[in-house]
Amino acid sequence: MYRKEKSIQIKSSASALYNNLSVLPIADKNLTYFTVVHGNVVNMVSASGDGLNFSHRQLQSKEGSLAVSSSLVTQASWCALPSRVLLVLTSQKGIQMYESDGSIMVYWHALDNPETPTAQAVFARGIAAARGHYICVGTSSGSILVFDIPNKGTSITLSEVLGEHRDPITDIASEMSGNRVTSLSVVFTHLTP
Amino acid sequence: EPVRVKMSVRTLPLLFINLGGEMLYILDQRLRAQNIPSDKAKKVMNDIITTMFNKKFMEELFKPQELYSKKALRTVFDRLAHASIMRLNQASMDKLYDLMTMAFKYQVLLCPRPKDVLLVTFNHMDAIKEFIRDSPSILNQVDETFRQLIEIYSCLPAGEFQLIRQTLLIFFQDMHIRVSIFLKDKVQNSNGRFVLPTSGPVPWGTEVPGLIRMFNYNREEVKRAEFLSGGDYISPLREGSFDLYGDRVLKLGTNMYAEENPARWRQSSIWKSVCASDSHYKENAAPNPLAKEELNLLARLMGGLEVKKPLGSEPGFRLNLFSTNEEEERTAKSCSEEKAMKILNLKADDQQVNEELARILGEFPVENRANQSTSKGDDLLAMMDEL
């Protein structure tokens, strides 16, 4: 069914997370980008088509636009929109968006952290591009943040907050045509409606 | 300890109880291997279990909270190991902790489903109850905690258990200490990574892989295809019990040191440790801004850890996690060199943390008893050991 090809060594091991491998093919440069999350760091490697040349980069989880954070990254995923590709990182503190090669951070969104510690952890998780110029990101409260992405530049805005789920979002996926977005959270099996 | 593992806030009780269980298995085996008189051995086990399941301590533990840092957790276990008349020197304590953590890491990794970590916990609890079955008052304490575990965890959804599993695995990430029994049984490779089996029963509630089914828009099956999974899987026979008593079915979390063949444990090679250069505590450039909060938490927790002060001249003794005293000394020497290097690399922040930790520990003094040396033949060493 599958044939194993050349292996690519990542700088450190993969953390136990959902969907912890994101891939971006760059057809016109015959390159492929890979990201794997390790704790509070995202390991990025770009591999040449022949599998012989590699270039590594590491991205850190942040708090605000400058500070390096110790909070865990929950997911890293590329969002391919018609006009641009962004690399999105979700963590326990918020959401970071980078240019596709991870070189510049273009946007930071902080999660609301409750004053007193709750019985539930707080984090963002679940990333998908949708309908041409939106990026959807899920949260541990079950809400989905919908960001409006301009063709270029950093003026990204939070457009909408969807509140259909009651449980932490596990992941989000969208149809190729971008018209339909599916979000999923793992639901209580004993809960009576 | 820079990275704060905050994902699930219900992980700490499971982490503590399972590590405690592994610790008791190892201590029990070593007490017998060193021919410690059974009344003394029993006292040690009873004292540690009593301290572990102390009501106030358990109350603190079960509050929804983040996991402790590796350093803080190690401090708690150092304290727990010395809750009785038994003493461990630094090298033996290090080795004990390595064995404990790698064993539980192995169990978490090999759990077929995330919820099975609860069965692992119950295996440890069942064994702990066996250790103190002759002491009704301690048994009562343990049963109380058992009931609390059932109450809190039985109804958690699968997603919450997956989060707990991920939280635990992230806590154990980058620990690759080689354990000789694992190497010998070929469940761990020489690079410290565990072997995932490709045969055996699939998790409860899942099917043996090999079938692809395709459904249309109306949820009707329209096509089937088969494939070879490359593994040798079978259906599970039955689910383990989540009740106070019952067959857990899962073997993970049972006492791997109490096997049919006790002669195995007398081989010195089993207890050979590899003082790996993989560090216990990953150094990182980012400072730890939550150290103060952690220290307060630790102080509260330690307050619940009552340490019995035996009256009179009950002689203490030293437990050795190595097969010979010479080996223990040698390991202590080489490990202390490594530690000296680590101390030199500590940043100012960490130094402050260490000072505060020392202050907190100072509030809970370890009793020092007068020494009584006995003949080597009795194998009972009473030593003045400083924590």
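On a predicted model such as this, the values are computed, not experimentally measured, just so you know.

Glancing now at the overall build of chain B. When helices and strands are tallied, chain B shows 12 helices and six strands. The buried share of chain B, reckoned over its 387 residues, is 52%. Within the structure as shown, chain B displays about 18,800 Å² of accessible surface, and the carbon and sulfur contribution to it stands at 53%.

Attention now moves to helix α7 (residues 136–153) of chain B. All names here are of chain B. Here α7 is 18 residues long and its end C-alpha atoms lie 25 Å apart, about the 26 Å a rise of 1.5 Å per residue gives. What α7 keeps buried is the set Ile138, Val142, Asp143, Thr145, Phe146, Leu149, Ile152 and Tyr153. At its buried positions, α7 is contacted by α1 (12–33), α2 (38–52), α3 (55–62), α6 (116–131) and α8 (158–172).

Here the focus is the sheet that holds strand β13 (residues 144–148) of chain A. Residues and elements named next belong to chain A. Strand order in the open sheet made by the four strands is β11-β12-β13-β14, with antiparallel pairing throughout. Because the sheet does not close on itself, it has two edges, and the strands there are β11 (124–130) and β14 (157–162). Between one strand and the next, the sheet's axes are offset by a mean angle of 25°, whatever the strand orientation. With five bridges joining them, β13 and β14 adopt antiparallel strand pairing. From the neighbouring strand, Ile144 faces β14, where its bridge partner is Leu162.

Once that is clear, we can look at the packing of helix α5 (residues 90–110) of chain B against α6 of chain B. Residue and element names in this part refer to chain B. At a minimum axis separation of 9 Å, α5 and α6 run at an interaxial angle of 140°. Overall, the two elements α5 and α6 adopt an arrangement that is oblique. The way α5 lies across α6 gives a crossing that is right-handed. Between α5 and α6, the residues in contact are Phe104, Gln107 and Val108 and Val117, Val120 and His124, respectively. Within the contact of α5 with α6, the residues separate by chemical class into four nonpolar, two polar and no charged.

Further remarks concern the confidence of the model for chain A. Confidence along chain A averages 86 in pLDDT terms, with 87% of residues attaining 70 or more. Within the model, the stretch residues 186–193 of chain A combines pLDDT values under 50 with 11 contacts to residues more than four positions away or in other chains.

A few words on the environment of Lys129 of chain B. All names here are of chain B. Inspection of the secondary structure puts Lys129 in helix α6. The spatial distance from the C-alpha of Lys129 to the C-alpha of Asn216 is 53 Å, given a sequence separation of 87 residues. Ignoring sequence-local partners within four residues, the contact set of Lys129 consists of Leu139, Val142, Asp143, Phe146, Leu244 and Tyr245.

Okay, the confidence of the model for chain B next. Residue and element names in this part refer to chain B. For chain B, mean pLDDT is 78; residues scoring 70 or higher make up 68% of the total. Mean pLDDT across the secondary structure elements of chain B bottoms out at helix α12 (residues 348–362), with 51, and peaks at α6, with 98. Low pLDDT, under 50, characterises residues 340–349; the predicted model gives this stretch four contacts beyond four residues in sequence or across chains. Every residue in residues 362–387 scores below 50 in pLDDT, and together they form 52 contacts with partners more than four places removed in sequence or on other chains. Note on the complex model: pTM 0.80, ipTM 0.84.

What follows covers the state of the cysteines. This structure, assessed with the given rule, holds zero disulfides over all chains. There is no disulfide at Cys79 of chain A, and the cysteine sulfur nearest it, in Cys136 of chain A, is 8.6 Å away. The buried category is assigned to Cys79 of chain A, whose relative accessible area is 1%. Looking at Cys155 of chain B, it has no disulfide partner, and the nearest cysteine sulfur is the one in Cys111 of chain B, 19 Å off. Classification of Cys155 of chain B as partly exposed rests on a relative accessible area of 48%.

This part takes up the nonpolar core. Residues Phe16, Tyr153 and Phe182 of chain B are the most contacted members of the largest nonpolar core, which totals 87 residues. Not counting residues within four places of it along the chain, the set of residues in contact with Phe16 of chain B comprises Met52, Phe57, Met58, Leu61, Val76, Phe77 and Leu80 of chain B. Ranked by size, the runner-up nonpolar core spans 20 residues in total, among them Ile26, Leu59 and Leu87 of chain A together with Ile170 of chain B.

Another aspect to go through is the packing of α1 of chain B against α3 of chain B. Residues and elements named next belong to chain B. Where α1 meets α3, the closest approach of the two axes is 8 Å, and the angle between their N-to-C directions is 135°. Taken together, the axes of α1 and α3 are oblique relative to one another. Counted together, Leu12, Pro13, Phe16 and Ile17 of α1 and Phe57, Met58, Leu61 and Phe62 of α3 form the full contact between these two elements. Per-class residue counts for the contact of α1 with α3 are eight nonpolar, no polar and no charged.

Residue pairs spaced three or four apart in an α-helix point in one direction, given the helix's 3.6 residues per turn. Residue and element names in this part refer to chain B. Between its first and last C-alpha, α1 extends 31 Å over 22 residues, near the 32 Å set by a 1.5 Å rise per residue. Burial analysis of α1 places 20 of its 22 residues in the buried class, which makes it a mostly covered element. At the exit of α1 stands Asn35, carrying a positive phi of roughly 55°.

Moving on, we come to unusual backbone geometry. One non-glycine residue, Asn19 of chain A, lies in the positive phi region at around 50°. With phi around 55°, Asn35 of chain B is a residue other than glycine that occupies positive phi space. Tracing the chain through its elements places Asn35 of chain B in the loop between α1 and α2. Take Asn35 of chain B: its relative accessible area is 56%, and that puts it in the exposed class.

Glancing now at the sheet that holds strand β7 (residues 73–80) of chain A. Residues and elements named next belong to chain A. Pairing within the open sheet is antiparallel, and its four strands lie in the order β7-β8-β9-β10. Looking at which strands have only one partner, the edges of the open sheet turn out to be β7 and β10 (105–110). For this sheet the average axis-to-axis angle between neighbouring strands, irrespective of direction, equals 15°. Of the pairings in the sheet, the one linking strand β8 (residues 85–91) to strand β9 (residues 94–99) comprises five bridges and is antiparallel in character. The residue of β9 that forms the bridge with Thr90 is Ile95.

Residue and element names in this part refer to chain A. Here β9 pairs with β10 via five bridges, running antiparallel. Each bridged residue has a counterpart across the sheet, and for Gly94 the counterpart in β10 is Ala110. Adjacent in sequence and paired antiparallel, β9 and β10 are bridged by five residues, among which Gly102 carries a positive phi angle near 75°.

Conventions adopted
- Residues numbered from 1 in each chain as written.
- Chains lettered and ligands numbered in written order.
- Predicted model: local features only at pLDDT ≥ 70, side-chain atom pairs only at ≥ 80, totals over all residues.
- Heavy atoms only, no water.
- Helix = DSSP H or I, 4+ residues; strand = E, 2+ residues; numbered from the N terminus.
- Buried < 20%, exposed > 50% of the residue type's maximum accessible area, 1.4 Å probe, protein only.
- Areas by Shrake-Rupley, 256 points an atom, 1.4 Å probe, with all protein chains shown as cover.
- Expected span 1.5 Å × (residues − 1).
- Contact = heavy atoms within 4.5 Å.
- Pairing = 2+ DSSP bridges.
- Axes fitted to C-alpha atoms, helices over the stretch in contact; angles between N-to-C directions.
- Parallel < 35°, antiparallel > 145°, perpendicular 65-115°, else oblique.
- Left-handed = near helix turned anticlockwise from the far one by under 90°.
- Nonpolar A, V, L, I, M, F, W, Y, C, P; charged D, E, K, R; others polar.
- pLDDT = per-residue confidence, 0-100.
- Disulfide = S-S within 2.5 Å.
- Core = buried A, V, L, I, M, F, W, Y, C linked by side-chain atoms within 4.5 Å.

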